[in-house]
Amino acid sequence: MTDKSEKDTSKLHEQPADADEIRDVMDDSTADTETADITESEAEGLMQQVQQLTEALEKEKKDYLFLRADFDNYRKRMLKEREELLRNAAEKVLKGLLPIVDDFERGLEATKNADSADAVREGMELIYNKLIKYLADNGVKPMESTGAQFDPDFHEAIATIPAPSEDLKGKVLDTTTRGYMLNDKVLRHAKVAVGE
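Residues numbered from 1 in each chain as written. Predicted model: local features only at pLDDT ≥ 70, side-chain atom pairs only at ≥ 80, totals over all residues. Heavy atoms only, no water.

Regarding the sheet that holds strand E3 (residues 172-177)
(1) Moving on: Spatially, E2-E6-E3 is the arrangement adopted by the three strands of the open sheet, whose pairing is mixed. With one partner strand each, in any of the chains shown, strand E2 (155-161) and E3 form the two edges of the open sheet. Sheet twist, expressed as the mean angle between neighbouring strand axes with direction ignored, is 30°.
(2) Moving on: Here E3 pairs with strand E6 (residues 190-195) via four bridges, running antiparallel. The residue bridging Thr177 from the neighbouring strand is Lys191, located in E6. (Pairing = 2+ DSSP bridges. Helix = DSSP H or I, 4+ residues; strand = E, 2+ residues; numbered from the N terminus. Axes fitted to C-alpha atoms, helices over the stretch in contact; angles between N-to-C directions.)

Concerning helix H4 (residues 91-110)
(1) Moving on: Taking 1.5 Å per residue, 20 residues should reach 28 Å; H4 reaches 29 Å between its end C-alpha atoms and fits that length.
(2) Moving on: All of the buried residues along H4 are Gly96, Ile100 and Asp103.
(3) Moving on: Contacts made by the buried residues of H4 are with helix H5 (117-137). (Expected span 1.5 Å × (residues − 1). Buried < 20%, exposed > 50% of the residue type's maximum accessible area, 1.4 Å probe, protein only. Contact = heavy atoms within 4.5 Å.)

Let's talk about the layout of surface pockets
Taking a probe equal in size to a water molecule and rolling it over the atoms shows the remaining empty space.
(1) Moving on: Roughly 170 Å³ of volume is contained in the largest pocket.
(2) Moving on: As for the largest pocket, its lining consists of Val93, Leu97, Tyr134, Leu135, Asn138, Val140, Leu182 and Leu187.
(3) Moving on: Only H4 and H5 provide two or more residues apiece to the lining of the largest pocket.
(4) Moving on: For the lining of the largest pocket, the residue count by class is seven nonpolar, one polar and no charged. (1 Å grid on protein atoms, 1.4 Å probe; cavity = no way out; pocket = protein on both sides within 12 Å on 5 of 7 lines; lining within 4 Å. Points joined across faces, edges and corners; volume = space filled by probe spheres on them. Nonpolar A, V, L, I, M, F, W, Y, C, P; charged D, E, K, R; others polar.)

Quick word on the sheet that holds strand E1 (residues 140-142)
(1) Moving on: The three strands are arranged E1-E4-E5 in an open sheet whose pairing can be described as antiparallel. Two strands lie at the open edges of the sheet, namely E1 and strand E5 (185-188), each paired on one side alone. Adjacent strand axes in the sheet meet at a mean angle of 35° when their direction is disregarded.

A closer look at the packing of aromatic side chains
(1) Moving on: A complete count under the given rule lists one aromatic pair for this structure.
(2) Moving on: Centre to centre, the rings of Phe71 and Tyr74 are 6.5 Å apart; their planes meet at 35°, and the pair counts as tilted. Placement of both Phe71 and Tyr74 in helix H3 (residues 40-88) is noted, with a separation of three residues, approximately one turn of the helix. (Phe/Tyr/Trp six-rings, centres within 6.5 Å; stacked < 30°, edge-to-face > 60°.)

So, H5
(1) Moving on: For H5, built from 21 residues, the straight-helix expectation of 30 Å at 1.5 Å per residue is met to within 8% by its first-to-last C-alpha distance of 30 Å.
(2) Moving on: Of the residues trailing H5, Gly139 is marked for its positive phi of about 90°.

Digging into the confidence of the model for the protein chain
(1) Moving on: With 81% of its residues at a pLDDT of 70 or more, the protein chain has an overall mean of 81.
(2) Moving on: Across residues 4-16, confidence stays below pLDDT 50; counting only partners more than four residues off in sequence or on other chains, it has eight contacts.
(3) Moving on: When the criterion is pLDDT under 50, residues 30-36 qualifies, and its contacts beyond four places in sequence or with other chains add up to zero contacts. (pLDDT = per-residue confidence, 0-100.)

In structure tokens:
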């Protein structure tokens, strides 16, 4: 620092200082610094840069709005396709059950005048076997529960009964409603009585 500026700053720190002295020190220090003048060509260049940035921003806004509209259309199309898929997903399964219904209707018609219960039972067994085969073809398989170790992932205990022997404790003694698997997933839990 110069001696003059040291004097000027020392004047500011002196006590008491009046307003005129502070103004004199401030005028002296501002006179020493240069002010930056912006030329007309620099201002014009800055205005062009602002214009370019504004145009780029507008372009990005339009692109964003188009992209958002495309995404909204895609989302609506996917929701519509999903609804249609869910609505028609059971079509194949139900269509496969129709021949079994036809067999029941034929069986009912044939047993109207039948005197023998054996003929009715034989017809019911044929229809039952056809239905079980259809379910197996679609990945549905019955669970074998009776005699198995109780597993809450596959079984639903509806009763506990005294086990006839020690080795049957914790095992399924009776299955009241058979459980079914769809591929490797439980479709319906087996309702069982467990030995205790």
